[in-house]
Amino acid sequence: MANIKSSEKRVLLSRKAAARNKAAKSLMKTNIKKFDTAMSEGDRVAAEGAYKIAVKTVDRAATRGLIHKNKAARRKSALTRQLNAMSGQ
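Counting restarts for each chain: residues are numbered from 1 in the order of the written sequence. For this predicted model, a pLDDT threshold of at least 70 governs which residues receive local features, and a threshold of 80 or more governs which side-chain atom pairs are given and counted, while totals over whole chains, interfaces and linings are taken from all residues. Hydrogens and water are ignored here; the side-chain numbers use all heavy atoms of the structure.

Student: Looking at this structure, I do not really get the overall build of the chain. What am I missing?
Tutor: Put simply, DSSP marks the helices as runs of H or I at least four residues long and the strands as runs of E at least two long, and each gets a number from the N terminus on. Along the chain, the regular secondary structure elements total 3 helices and 0 strands. For the chain, the sequential pattern of α-helices and β-strands runs α-α-α. For the radius of gyration, the atom set is restricted to C-alpha positions; the globular benchmark scales as 2.2 Å times the number of residues to the power 0.38. Against the globule reference of 12 Å for 89 residues, the chain gives a C-alpha radius of gyration of 18 Å, more extended than a compact globule. Dimensions of the chain, computed from C-alpha atoms along their principal axes, come out at roughly 65 × 25 × 15 Å. Relative to its 89 residues, the chain shows a buried fraction of 22%. The contacts in the chain between residues at least 6 apart in sequence include a share of 61% that link residues at least 24 apart. All tallies of charge rest on Lys and Arg as positive and Asp and Glu as negative; His and the ends of each chain are not included. Taken as the charge centre is NZ of Lys, CZ of Arg, CG of Asp or CD of Glu, depending on the residue. Considering the chain, the positive charge centre built from 22 side chains and the negative charge centre built from 6 side chains are found 12 Å apart. Here the term buried applies to any residue with accessible area under 20% of the maximum for its type, exposed to any over 50%, and partly exposed to those in between, with areas from a 1.4 Å probe on protein chains only. Pairs of residues are marked as contacts when any of their non-hydrogen atoms sit within 4.5 Å.

Now the structure itself:
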């Protein structure tokens, strides 16, 4: 642990931020998995609801700088392709 008071504070703040970022990324991954589960079950209504939530959390993660904007676009595109493929069947 640091000896200087300001560096002790920075350590605490960075741990707090890291925990917050980890929770947000975990939520994003969980929402994507919920969408995948709804897709595998073949439930169109549940998949659409999960899709909206997943896209929202991916956008939020990109806005906050947790993931790169191109990665967010790639994830959203993949989710959209999966949803559209389900409607095409």
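Student: Just checking my understanding: could you explain a positive patch on the surface for this structure?
Tutor: A cluster of like positive charges, contributed by Lys16, Arg20, Lys56, Arg60 and Arg64, occupies part of the molecular surface. Breaking the positive patch down by element, the ones donating at least two residues are helix 1 (5-41) and helix 2 (44-63). Here lysine 16 falls in the exposed class, since its relative accessible area comes to 56%. Patch definition: residues with relative accessible area over 30% and no salt bridge; like charges joined within 9 Å; nonpolar side chains (Val, Leu, Ile, Met, Phe, Trp, Tyr) joined within 5 Å. For the area figures, the Shrake-Rupley method with a 1.4 Å probe applies, and any residue is considered shielded solely by the protein chains shown. Salt bridges are identified by distance alone: a Lys or Arg side-chain nitrogen within 4 Å of an Asp or Glu carboxyl oxygen.

Student: It is not clear to me how the nonpolar core should be interpreted in this structure. Could you clarify?
Tutor: A general trend in soluble globular proteins is that nonpolar side chains are found buried together. Phe35, Ala47 and Leu79 are the most contacted members of the largest nonpolar core, which totals 18 residues. Going through the elements one at a time, helix 1, helix 2 and helix 3 (69-88) are the ones with two or more residues in this core. Sort the elements by how many residues they give to this core and helix 2 lands first, with 7 residues. Setting aside its immediate chain neighbours within four residues, leucine 79 contacts Ile32, Phe35, Tyr51, Ala54 and Val55. What makes a nonpolar core is a set of buried Ala, Val, Leu, Ile, Met, Phe, Trp, Tyr and Cys residues whose side-chain atoms join them at distances within 4.5 Å.

Student: I keep staring at the environment of lysine 71 and nothing clicks. Help me out?
Tutor: Inspection of the secondary structure puts lysine 71 in helix 3. Look at lysine 71 and you get partly exposed, because its relative accessible area is 30%. In this structure the C-alpha to C-alpha distance between lysine 71 and valine 58, which are 13 residues apart in sequence, comes to 9.2 Å.

Student: Could you clarify how one ought to interpret the environment of serine 87 in this entry?
Tutor: In this structure, serine 87 sits in helix 3. Take serine 87: its relative accessible area is 42%, and that puts it in the partly exposed class. Sequence separation of serine 87 and arginine 20 is 67 residues, and the distance between their C-alpha atoms is 36 Å.

Student: Any chance you could explain the environment of arginine 75 here in plain terms?
Tutor: Note on placement: arginine 75 falls in helix 3. Discounting residues that sit within four places of it in the chain, arginine 75 has contacts with Met28, Ile32 and Val58.

On their own, these measurements won't tell you what the molecule is for.
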